[in-house]
Amino acid sequence: MSPRLAPPPADQLELEIDGDEHDAAERFHAWGFTDGLPIVIPTRERVDRMAAGAKHYPLESLGNLAPRDGAATIQKIAINALMAGCLPEHMPVLEAAISAITEPDFNLIAMQTTTHPCALLAIVQGPVALELEMNFGHGCMGPGNRANSSIGRALRLILQNIGGAIAGFTDKATQGGPAKAGFCFAENEEQSPWPPLRTTLGLGLEDSCVTVAAAEGPHNINDHGSSDGESILNTIAQTMATVGSNNLYVGGDHFVVFGPEHAQAVAKSGFSREQVQRYLFEHARVSVDRVSPQKLAELSSWGGYADQLEAWGGRIPLARGAELLRVLVAGGAGKHSCWIPTFAVGYSQTRRIESEKQICLL
Amino acid sequence: MVGLVTEQFAGFARELLAQRNAGSLPLAVVQHPVGGIRREEAAARITDDVIVAVVAALQNAPAEPRS
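Rules behind the numbers
Residues numbered from 1 in each chain as written. Chains lettered and ligands numbered in written order. Predicted model: local features only at pLDDT ≥ 70, side-chain atom pairs only at ≥ 80, totals over all residues. Heavy atoms only, no water. Helix = DSSP H or I, 4+ residues; strand = E, 2+ residues; numbered from the N terminus. Rg over C-alpha atoms; globule rule 2.2 N^0.38 Å. Contact = heavy atoms within 4.5 Å. Areas by Shrake-Rupley, 256 points an atom, 1.4 Å probe, with all protein chains shown as cover. 1 Å grid on protein atoms, 1.4 Å probe; cavity = no way out; pocket = protein on both sides within 12 Å on 5 of 7 lines; lining within 4 Å. Points joined across faces, edges and corners; volume = space filled by probe spheres on them. Nonpolar A, V, L, I, M, F, W, Y, C, P; charged D, E, K, R; others polar. Buried area = accessible area lost by both parts, 1.4 Å probe. Salt bridge = Lys/Arg side-chain N within 4 Å of Asp/Glu carboxyl O. Polar contact = N/O pair within 3.5 Å; in protein donor to acceptor, adjacent residues only side chain to side chain. Pairing = 2+ DSSP bridges. Axes fitted to C-alpha atoms, helices over the stretch in contact; angles between N-to-C directions. Buried < 20%, exposed > 50% of the residue type's maximum accessible area, 1.4 Å probe, protein only. Disulfide = S-S within 2.5 Å.

1. Observations concerning the overall build of chain A
The number of helices and strands found in chain A is 12 helices and 12 strands. Here the C-alpha atoms of chain A give a radius of gyration of 21 Å, agreeing with the 21 Å that 2.2 N^0.38 yields for 362 residues. Projected onto the principal axes, the alpha-carbon positions of chain A cover approximately 65 × 45 × 35 Å. For chain A, long-range pairs separated by at least 24 residues make up 81% of all intrachain contacts whose partners lie at least 6 apart in sequence. Accessible area of chain A: about 15,700 Å², with a carbon and sulfur share of 51%.

2. Examining the overall build of chain B
Regarding its fold elements, chain B presents three helices and two strands. The helix and strand sequence of chain B, counted from the amino end, reads β-α-β-α-α. Of all intrachain contacts in chain B linking residues separated by at least 6 positions in sequence, the fraction that spans at least 24 positions is 52%. Accessible surface, chain B: about 4,400 Å² in total, of which carbon and sulfur atoms supply 56%.

3. Re the layout of surface pockets
Size it by volume and the largest pocket reaches roughly 1,400 Å³. What lines the largest pocket is a set of 37 residues, among which Glu298 and Trp302 of chain A together with Val34, Gly35 and Gly36 of chain B lie closest to the centre. Contributing elements (two or more residues each) for the lining of the largest pocket: helix 5 (108–113), helix 9 (246–250) and helix 12 (293–302) of chain A together with strand 1 (3–6), helix 1 (10–19), strand 2 (27–30) and helix 2 (39–44) of chain B. The element best represented in the lining of the largest pocket is helix 12 of chain A, accounting for six residues. Its residues assigned to classes, the lining of the largest pocket shows 19 nonpolar, 13 polar and five charged.

4. Here's the deal with the environment of Leu197 of chain A
All names here are of chain A. Along the chain, the position of Leu197 falls in the loop between strand 4 (183–186) and strand 5 (209–215). A sequence separation of 74 residues divides Leu197 from Ile123, and the C-alpha atoms of the two residues are 9.8 Å apart. Once residues within four sequence positions are removed from consideration, Leu197 is found in contact with Gln125, Glu187, Thr211, Arg273, Arg326, Val327 and Leu328.

5. Things to note about unusual backbone geometry
The omega torsion across Ala66 of chain A and Pro67 of chain A is 5 degrees, close enough to zero to call that bond cis. As for its position among the elements, Pro67 of chain A is in the loop between strand 1 (61–65) and strand 2 (70–73). Phi at Asn21 of chain B takes a positive value of approximately 55 degrees, unusual for a residue other than glycine. Summarising the element assignment, Asn21 of chain B is placed in the loop between helix 1 and strand 2.

6. A closer look at the interface of chain A and chain B
At the junction of the two partners, chain A supplies 13 residues and chain B supplies eight residues. Summing the contributions of chain A and of chain B, the shared interface buries around 790 Å²; its carbon and sulfur component is 61%. Put simply, chain A and chain B have one salt bridge between them. The residue Arg20 of chain B makes a salt bridge to Asp69 of chain A at a minimum N-O spacing of 3.3 Å. Our count for the contact surface shared by chain A and chain B stands at three residue pairs in polar contact (both at pLDDT 80 or more).

7. Observations regarding the sheet that holds strand 11 (residues 336–340) of chain A
All names here are of chain A. Reading across the sheet, the four strands line up as 6-11-7-10 and stay open at both edges, with mixed pairing between neighbours. Each edge of the open sheet carries a strand with a single partner, namely strand 6 (219–222) and strand 10 (325–329). Neighbour-to-neighbour, the strand axes of this sheet turn through a mean angle of 20 degrees, independent of strand direction. In this structure, strand 6 lies alongside strand 11, joined through four bridges in antiparallel fashion. Across the sheet, His219 pairs through a bridge with Trp339, a residue of strand 11. Contacts from helix 10 (residues 260–268) reach strand 6, strand 7 (254–258), strand 10 and strand 11, with the element oriented near 90 degrees to strand 7. Set on the sheet, helix 11 (residues 273–283) makes contact with strand 7 and strand 10; between it and strand 10 the angle comes to about 130 degrees.

8. Regarding the sheet that holds strand 4 of chain A
Residue and element names in this part refer to chain A. Pairing is mixed across the open sheet formed by four strands, whose spatial order is 4-3-5-12. Each edge of the open sheet carries a strand with a single partner, namely strand 4 and strand 12 (349–352). Pairwise comparison of adjacent strand axes, ignoring direction, gives a mean angle of 20 degrees for this sheet. The pairing of strand 3 (residues 119–125) with strand 5 spans seven bridges and is classified as antiparallel. Across the sheet, the residue bridging to Gln125 is Cys209, located in strand 5.

9. A closer look at the pairing of strand 10 of chain A
Residue and element names in this part refer to chain A. Counting buried positions along strand 10 yields five of five residues, so the element is predominantly enclosed. The side-chain alternation of strand 10 yields two buried faces, one formed by Leu325, Val327 and Val329 and the other by Arg326 and Leu328. One ladder, built from five bridges, connects strand 7 with strand 10; its direction is parallel. Bridging across to strand 10, Phe255 finds its partner in Arg326.

10. Quick word on the state of the cysteines
All names here are of chain A. Following the criterion strictly, the structure yields zero disulfides over all chains and no others. Free cysteine: Cys140, not disulfide-bonded; nearest cysteine sulfur from Cys338 at 8.0 Å. Here Cys209 is not cross-linked by a disulfide; its sulfur's nearest cysteine counterpart is in Cys184, at 12 Å.

11. Considerations on the side chain of Arg198 of chain A
Residues and elements named next belong to chain A. Mapping Arg198 onto the fold places it in the loop between strand 4 and strand 5. On the basis of relative accessible area, Arg198 is assigned to the buried category, the value being 2%. Here Asp207 takes part through its backbone oxygen, which lies 2.9 Å from a polar atom of the side chain of Arg198. Beyond its immediate stretch of four places on either side in the chain, Arg198 contacts Gln125, Gly126, Pro127, Glu187, Glu189, Leu203, Gly204, Leu205, Asp207 and Cys209.

So this is what it looks like as structure tokens:
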């Protein structure tokens, strides 16, 4: 592990930059304020410009971020957004995402400090995704789009610099994962045969929102052979039914992201979103004979379901209810979908992205 | 109250407690790992010095046992 210097006292954080920003950038790396990649140096003028894109006022805090309990003020969010390469118009997405992760049911402190490799997933939905020209098509979970990449990266820097989750120190992920560098994409509403995800989460078609979750990277599901809905769903269910995921332990909620072609084939076979959820809930199960006795003892004690194994017929579900399998569409052409397993010791949260300046809460 | 942590996570636990203004919480540090070992092996680690240290910590007399 590379040495990491302690950051200086707050009153020494203001730097004099004399033309060349190289030294300032190196200072940020040495203080441990970066993710290891080059950053945009947050000068006062740039930060002010970024904060002006927010829907709250610069000194307002959206909550305290565990484990450090740092106050997530708009100004601090703007600093990290700037460092990550965001534009001012990305700020409302970050505000909504940060507000969402302070919900107790999200369980931020556990997400930030666990040995599990969970990342902060952000799924942007509604008109704002188009306005920000986010990628919801080919390669939407990968690199190449300014908003997807910089919003995802900004969230990681915020968790690190405001929340205090420092890799190897307070973030104890055994291996971590590439999604931790940033994991943000938009829903492909145009090619979804089902209503947008947000309509299942209490929001309307006209709303924009972001759903955040403590998630693993996506696990690809390839099925080029099946053309009917049940066959595709069977492939998805059998891919999900693995022994090593946290969802098998404690359930939680997790995400099945259909590629448009799979989604349209499944819908054409008559499956509504609710029927898809029900099918996967019933079929994405792990038989106890696939689990070693020692692991089964741990699973059933941690997950609290020792007395439910008989009722489940010895087949352990990956969620405790069908509605906890979140189904949406993203991506472009091709016969691929994915499952996004989660940390499961908490639940995803969804927040409306504000389009108007909010009343100051100070 | 006393925290129980394995030696691999002791530094992490102290950092976390300090961040959350609970740095004075005593910790009992036990051999790593706890997960994935047999029940008998786990029981064997609960030696007298661990119990003494936990009791001492509960009585506000911090100690750092190792088992």
